[in-house]
Amino acid sequence: MSEVLSQSEIDELLSALSSGQVIPEQDTENKEKQQVKKYDFRSPKKFSKDHITTLEMVYDNYARIISGYLTAQVRTNVQVKVAIVDQVTYEEFIRSVNSPTILNIYTMPPLQGSLILETNPQFVFQILDILFGGPGDTVFKVREFTEIEKTVIRSVNEKLIDNLKLAWEDVLNVEPKLVDIETNPALNQTMA
């Protein structure tokens, strides 16, 4: 409990301070806390290394889950592996995406905001070829998707997104839901 000073003691301390007999204590802890850090607004880093490690764990689990799902759907061995978990700006992401592609826009309550799962044309055309009775090894020329192709791949991608619930269950109970699909990344304004 702090000690209460009388008015005469306060006056004595003030006179001692002004005459230089008493030197005030320097608060070094506050100085350290108030240090300014440089922040690059063009390249924001929102996730710590621990967050990135957790995301790697979740998506390694997700890769295993959807490998089993896709193997059952196309009746051939499918292996999915996480290549990299990294933070990039939305602009960098959109520049790296082919056009046309399938951008699946979904939500995952209780997390806020929209998320994107991109399925590139090579993957989409191979899956569609197998589902439509082909061998799945045909080389496809890049073209727009037909309405039938979009409908079929939407149902496949809905299941891929539903499987996120299983991948996240050890970390957080989420309810993923596909909101929309877009084929032209430049027109997608949801995330921008």
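Next up on the list: the overall build of the protein chain. A count of helical and extended segments in the protein chain gives seven helices and three strands. Along the chain direction, N to C, the helices and strands of the protein chain fall in the order α-α-α-α-β-β-α-α-α-β. By residue count, 27% of the 192 residues in the protein chain fall in the buried class. For the protein chain, restricting intrachain contacts to residue pairs at least 6 apart in sequence, the fraction spanning at least 24 positions comes to 62%.

Attention shifts here to the pattern of salt bridges. Two side chains that carry opposite charge are able to pair once their charged atoms sit near each other. Across all of its chains, the model carries five salt bridges by this definition. The salt bridge involving Arg95 is made with Glu91; its shortest N-O contact spans 2.2 Å. Pair noted here: Arg95 and Glu91 are both in helix 4 (residues 90-96), with a separation of four residues, about one helical turn. What makes Arg95 exposed here is its relative accessible area of 63%. Ionic pairing is found between Glu158 and Arg154, a salt bridge with its closest N-O pair at 3.9 Å. In this pair, Glu158 and Arg154 both sit in helix 6 (residues 147-162), four residues apart, roughly one turn of the helix.

Right, let's talk about helix 1 (residues 7-19) for a bit. Between its first and last C-alpha atoms helix 1 spans 18 Å; for 13 residues at 1.5 Å apiece the expected length is 18 Å, and the two agree. Two residues or fewer after helix 1 comes Gly20, characterised by a positive phi angle close to 90°.

Across the sheet, three strands lie side by side as 2-1-3; this open sheet has antiparallel pairing. Two strands bound the open sheet, and with one partner strand each, they are strand 2 (114-119) and strand 3 (177-182). On average, each strand axis in the sheet is tilted by 30° relative to the strand beside it, whichever way the strands run. As paired elements, strand 1 (residues 102-107) and strand 3 share five bridges and run antiparallel to each other. If you follow Asn104 over to strand 3, its bridge partner there is Ile181.

The next point concerns the nonpolar core. The biggest cluster of nonpolar side chains holds 27 residues, and the ones touching the most others in it are Leu70, Leu164 and Trp168. When residues of this core are traced back to their parent elements, those giving at least two are helix 3 (49-74), strand 1, helix 5 (121-131), helix 6, helix 7 (164-168) and strand 3. At eight residues, helix 3 tops the list of elements feeding residues into this core. In contact with Leu164, other than residues within four places in its own chain, are Tyr59, Tyr62, Tyr106, Met108, Val174 and Pro176.

Another aspect to go through is the environment of Ala63. By the element assignment, Ala63 lies in helix 3. Taking the C-alpha atoms as reference, Ala63 lies 9.8 Å from Asn163; in sequence the two are 100 residues apart. The residues contacting Ala63, other than those within four sequence positions of it, are Val80, Lys81 and Val82.

Take the packing of helix 5 against helix 6 next. In the contact formed by helix 5 and helix 6, the axes pass within 11 Å of each other and the chain directions differ by 95°. Put simply, helix 5 runs roughly perpendicular to helix 6. The segment helix 5 lies against helix 6, with Val124, Phe125, Ile127, Leu128 and Leu131 engaging Glu149, Val152, Ile153 and Val156.

The next thing to look at is the side chain of Asp129. Here Asp129 lies in helix 5. One buried charged residue, Asp129, remains without a salt bridge, the closest side chain of opposite sign being Arg143 at 9.0 Å. Ignoring anything within four residues of it in the chain, the contact list for Asp129 reads Gly134, Pro135, Gly136, Asp137, Thr138 and Phe140.

Okay, a negative patch on the surface next. On the surface, a cluster of negative charge is contributed by Glu3, Glu9, Asp11 and Glu12. If you trace the backbone, Glu12 turns up in helix 1. In this structure Glu12 comes out as exposed when scored by relative accessible area, which is 55%.

Here is what the cut-offs are and how they apply
Residues numbered from 1 in each chain as written. Predicted model: local features only at pLDDT ≥ 70, side-chain atom pairs only at ≥ 80, totals over all residues. Heavy atoms only, no water. Helix = DSSP H or I, 4+ residues; strand = E, 2+ residues; numbered from the N terminus. Buried < 20%, exposed > 50% of the residue type's maximum accessible area, 1.4 Å probe, protein only. Contact = heavy atoms within 4.5 Å. Salt bridge = Lys/Arg side-chain N within 4 Å of Asp/Glu carboxyl O. Expected span 1.5 Å × (residues − 1). Pairing = 2+ DSSP bridges. Axes fitted to C-alpha atoms, helices over the stretch in contact; angles between N-to-C directions. Core = buried A, V, L, I, M, F, W, Y, C linked by side-chain atoms within 4.5 Å. Parallel < 35°, antiparallel > 145°, perpendicular 65-115°, else oblique. Lys, Arg positive; Asp, Glu negative; His and termini not counted. Patch = residues over 30% accessible without salt bridge, like charges linked within 9 Å, V, L, I, M, F, W, Y side chains within 5 Å. Areas by Shrake-Rupley, 256 points an atom, 1.4 Å probe, with all protein chains shown as cover. Charge placed at Lys NZ, Arg CZ, Asp CG, Glu CD.

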